[in-house]
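Given next are the chains, with one letter for each unit.
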Amino acid sequence: MAAQFSSVAEQAVREKKSHIGYLEALLAAELEERERNTIARRIKDAHLPRIKTLEEFDYAQSPNVSVAKMRELAEGGYMERAEPVLFIGECGTGKTHLLTGLCVAACRQKRRVRFATAAALVNELVEAKHQLQLRRVLARWSRYDLIAIDEVGYVPLAEVGAEFLFQVIAERAEKAAVIMTTNLPFSEWTQVIPNARLCKALLDRITDRAHILETGTESYRFRRTAEKRNRSAKAAESKSS
């Protein structure tokens, strides 16, 4: 209000607004600024590796991904219903972009969001245990409206790490939403979580009422690089001829 009261007053004079009209415009500007600041703070607190939105996603390069389904998820109903979301696909098929896009959409709805890779989350919890702070750290993770765990399956987890991951997921079951990405089909999760019983229990929690989306096997990043090289090669040929 302090930054805009003068310019809003000048506009009110030009438009011949009443005192009440001027006050309404000034308060609307204040509310709009507060909303922008809240969203920016939510995005910052989410610790996203990069800010990528669903509007920027190239669905033409990822035919396996349903535009309608992503729009439905972006509305946030899955958070209200505490339903997990899983993206399964090979490296370079857009899993992290889609996960990040849903995180940004949740932040725009002023939800409390937190991103971490599976390895980083486990390392944080292991360190917290060593410092006798595990309960406090687990409580902090439980307070987020949405947590996003990226790259499950890229790094095998020691048994204690797998137990911590299960604890985080189990405590959110039917209470709060979680999004995960993985490059492994469920049948191969024992490569990451060798304890078969624990692996089964984790899959049971994460797949219950879940939205499971497969992003495919062909890396569009690799395809984009190959197309760029082909264009460069053709350009070089044209110059030489």
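Everything below is about the structure shown above.
Figured I'd write up the structure that's included with this text.

Along the backbone of the chain there are 10 helices and five strands. Taken over the C-alpha trace, the chain has a radius of gyration of 23 Å; the compact-globule value for 241 residues is 18 Å, which it surpasses by more than 25%. The C-alpha extent of the chain, read off along each of the three principal axes, is 70 × 70 × 35 Å. Carbon and sulfur atoms make up 51% of the accessible area of the chain, which totals about 14100 Å². Of note, the chain has its 38 positive side-chain charges centred 3 Å away from the centre of its 32 negative side-chain charges.

A few words on empty space enclosed by the protein. Under the criterion given, the structure shown has one cavity of 30 Å³ or more. In this structure, the largest cavity occupies an estimated 40 Å³ of space. What lines the largest cavity is simply Leu-138, Trp-141, Ser-142, Val-168, Glu-171 and Arg-172. The residue makeup of the lining of the largest cavity, split by class, is three nonpolar, one polar and two charged.

Within the open sheet, the five strands sit side by side as β2-β3-β4-β1-β5. Their pairing is parallel. Pairing within the sheet leaves two strands with one partner each, and these edge strands are β2 (113-117) and β5 (211-216). The average undirected angle you get between the axes of adjacent strands in this sheet is 15 degrees.

Looking at the secondary structure, you find Thr-93 in the loop between β1 (85-89) and α5 (95-108). Its relative accessible area of 0% is what places Thr-93 among the buried residues. Here Glu-90 takes part through its backbone oxygen, which lies 2.7 Å from a polar atom of the side chain of Thr-93. A polar contact of 2.7 Å, which involves the side chain of Thr-93, links it to the side chain of Thr-215.

Once that is clear, we can look at the pattern of salt bridges. Taken as a whole and judged by the stated rule, the model has 11 salt bridges. For Glu-72, the salt bridge is made with Lys-69, and the minimal N-O distance between the two is 3.6 Å. Placement of the pair is Glu-72 and Lys-69 together in helix α3 (residues 67-74), with a separation of three residues, close to one helical turn. For Glu-72, a relative accessible area of 38% corresponds to the partly exposed category.

Time to look at α5. Given a rise of 1.5 Å per residue, 14 residues ought to cover 20 Å, and the 20 Å separating the end C-alpha atoms of α5 matches this to within 8%. Along α5, 12 of the 14 residues are buried, which leaves the element largely enclosed by surrounding structure. For α5, the set of buried residues is Lys-95, His-97, Leu-98, Leu-99, Thr-100, Gly-101, Leu-102, Cys-103, Val-104, Ala-105, Ala-106 and Cys-107. Where α5 terminates, the next one or two residues include Lys-110, which has phi positive at roughly 65 degrees.

For Leu-23, the location among the structural elements is in helix α2 (residues 19-45). Overall, Leu-23 belongs to the partly exposed group, its relative accessible area being 43%. Separated by 15 residues in the primary sequence, Leu-23 and Val-8 place their C-alpha atoms 9.1 Å from one another.

Let us look at the packing of aromatic side chains. Evaluated as defined, the whole model comprises three aromatic pairs. Taking 4.9 Å as the distance between ring centres and 70 degrees as the angle between the ring planes, the aromatic pair formed by Phe-57 and Tyr-59 counts as edge-to-face. Take Phe-57 and Tyr-59: they sit in the same class, and that class is buried. Seen from their ring centres, Trp-141 and Tyr-144 are 5.9 Å apart, and the 65 degrees between their planes marks the pair as edge-to-face. The class of Tyr-144 is buried, set by a relative accessible area of 9%.

The rules behind these values
Residues numbered from 1 in each chain as written. Predicted model: local features only at pLDDT ≥ 70, side-chain atom pairs only at ≥ 80, totals over all residues. Heavy atoms only, no water. Helix = DSSP H or I, 4+ residues; strand = E, 2+ residues; numbered from the N terminus. Rg over C-alpha atoms; globule rule 2.2 N^0.38 Å. Areas by Shrake-Rupley, 256 points an atom, 1.4 Å probe, with all protein chains shown as cover. Lys, Arg positive; Asp, Glu negative; His and termini not counted. Charge placed at Lys NZ, Arg CZ, Asp CG, Glu CD. 1 Å grid on protein atoms, 1.4 Å probe; cavity = no way out; pocket = protein on both sides within 12 Å on 5 of 7 lines; lining within 4 Å. Points joined across faces, edges and corners; volume = space filled by probe spheres on them. Nonpolar A, V, L, I, M, F, W, Y, C, P; charged D, E, K, R; others polar. Pairing = 2+ DSSP bridges. Axes fitted to C-alpha atoms, helices over the stretch in contact; angles between N-to-C directions. Buried < 20%, exposed > 50% of the residue type's maximum accessible area, 1.4 Å probe, protein only. Polar contact = N/O pair within 3.5 Å; in protein donor to acceptor, adjacent residues only side chain to side chain. Salt bridge = Lys/Arg side-chain N within 4 Å of Asp/Glu carboxyl O. Expected span 1.5 Å × (residues − 1). Phe/Tyr/Trp six-rings, centres within 6.5 Å; stacked < 30°, edge-to-face > 60°.

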